[in-house]
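Coordinate inspection notes
One-letter residues, chain by chain:
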Amino acid sequence: RMAKNENEAWKLFYEKLTKAALNRKPEESVVYIITEIEHLKKIKSINGLFTVKFTASLEVIKSRFALRMRGKLPPPIEIKLENQFTEWKNEVADMMVDTTEDICPEKLIEELYELPFM
């Protein structure tokens with residue numbers, strides 16, 4: 001939606017992310033939720049980038065997806081989840097949030113705002 005083709009859109013979005021990372025003002029932050037490791041690789045070179053990794057145990061992830069699929073997780077989806085879990089397993093972030101147990105979103109937001117760069 002930022003441009004007529006994907007490459008131009010990515011260039012504009014990358015510039016926006018770079019500017020936001022350098023400004024370090026909460027009101028000018030960009031939150032980019034990434035589910036594909038390839039997208040993370042594209043932005044890792046941005047100076048000032050702050051990453052938060054949300055994870056859970058593989059069994060919890062599978063059970064959450066199964067709930068969305070009327071209780072039954074199709075084998076292809078299960079394999080995809082296992083592959084993604086393995087792919088992201090060793091990825092390091094500035095802040096790690098394990099959602100295996102329930103977390104309080106308000107508390108998490110407070111923690112983010114208390115970080116020195118905010």
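Residues numbered from 1 in each chain as written. Predicted model: local features only at pLDDT ≥ 70, side-chain atom pairs only at ≥ 80, totals over all residues. Heavy atoms only, no water.

A few words on the layout of surface pockets. Its boundaries defined by the atoms lining it, the largest pocket holds a volume of some 1600 Å³. In terms of lining residues, the largest pocket is bounded by 44 residues, among which Y32, I33, I34, V52 and F54 are the most central. Sorting the residues of the lining of the largest pocket by element identifies α1 (6-23), α2 (37-43), β1 (52-55), α3 (58-68), α4 (75-89) and α5 (105-113) as the ones contributing at least two each. Examining the composition of the lining of the largest pocket, we find that seven residues originate from one element, α4, more than from any other. Grouping the constituent residues of the lining of the largest pocket by class yields 30 nonpolar, seven polar and seven charged. (1 Å grid on protein atoms, 1.4 Å probe; cavity = no way out; pocket = protein on both sides within 12 Å on 5 of 7 lines; lining within 4 Å. Points joined across faces, edges and corners; volume = space filled by probe spheres on them. Helix = DSSP H or I, 4+ residues; strand = E, 2+ residues; numbered from the N terminus. Nonpolar A, V, L, I, M, F, W, Y, C, P; charged D, E, K, R; others polar.)

Take α3 next. Since one α-helical turn is 3.6 residues long, residues separated by three or four positions face the same way. Buried residues of α3: L58, V60, K62 and A66, and no others. In this structure, the buried residues of α3 make contact with α4. Downstream of α3 by a residue or two, R70 has a phi angle that is positive, lying close to 60°. (Buried < 20%, exposed > 50% of the residue type's maximum accessible area, 1.4 Å probe, protein only. Contact = heavy atoms within 4.5 Å.)

Next up on the list: unusual backbone geometry. For R70, which is not glycine, the phi torsion reads 60° and is therefore positive. Considering the arrangement of structural elements, one finds R70 in the loop between α3 and α4.

Another aspect to go through is the side chain of K53. The residue K53 is located in strand β1 in this model. Buried and without a salt bridge, K53 has E91 as its closest oppositely charged side chain, separated by 7.2 Å. Among the polar contacts listed, one links the side chain of K53 to the backbone oxygen of K89, at a separation of 3.3 Å. (Lys, Arg positive; Asp, Glu negative; His and termini not counted. Salt bridge = Lys/Arg side-chain N within 4 Å of Asp/Glu carboxyl O. Polar contact = N/O pair within 3.5 Å; in protein donor to acceptor, adjacent residues only side chain to side chain.)

Our focus in this paragraph is a negative patch on the surface. Taken together, the side chains of E106, E110, E111 and E114 make up a negatively charged region of the molecular surface. The topology assignment puts E110 in helix α5. (Patch = residues over 30% accessible without salt bridge, like charges linked within 9 Å, V, L, I, M, F, W, Y side chains within 5 Å. Areas by Shrake-Rupley, 256 points an atom, 1.4 Å probe, with all protein chains shown as cover. Charge placed at Lys NZ, Arg CZ, Asp CG, Glu CD.)

The next point concerns the packing of aromatic side chains. The full count for this structure, using the stated rule, is three aromatic pairs. Aromatic side chains W10 and Y14 sit 6.3 Å apart centroid to centroid with 50° between the ring planes, which places their arrangement in the tilted category. With a gap of four residues between them, W10 and Y14 both fall in helix α1, about one helical turn apart. According to the relative accessible area criterion, W10 is partly exposed, its value standing at 22%. Judged by centre distance (4.9 Å) and plane angle (85°), the rings of F13 and Y32 are edge-to-face. Of this pair, F13 sits in helix α1 while Y32 sits in the loop between α1 and α2, and the two are 19 residues apart along the sequence. Its relative accessible area of 17% is what places F13 among the buried residues. Within the aromatic cluster, the residues linked to one another by ring pairs are W10, F13, Y14 and Y32. Positioned above the aromatic ring of W10 is the side chain of K42, whose terminal nitrogen or guanidinium carbon lies 4.9 Å from the ring centre. Note that R68 overlies the ring of F65, its terminal NZ or CZ placed 4.6 Å from the centroid. (Phe/Tyr/Trp six-rings, centres within 6.5 Å; stacked < 30°, edge-to-face > 60°. Lys NZ or Arg CZ within 6 Å of the ring centre and 35° of its normal.)

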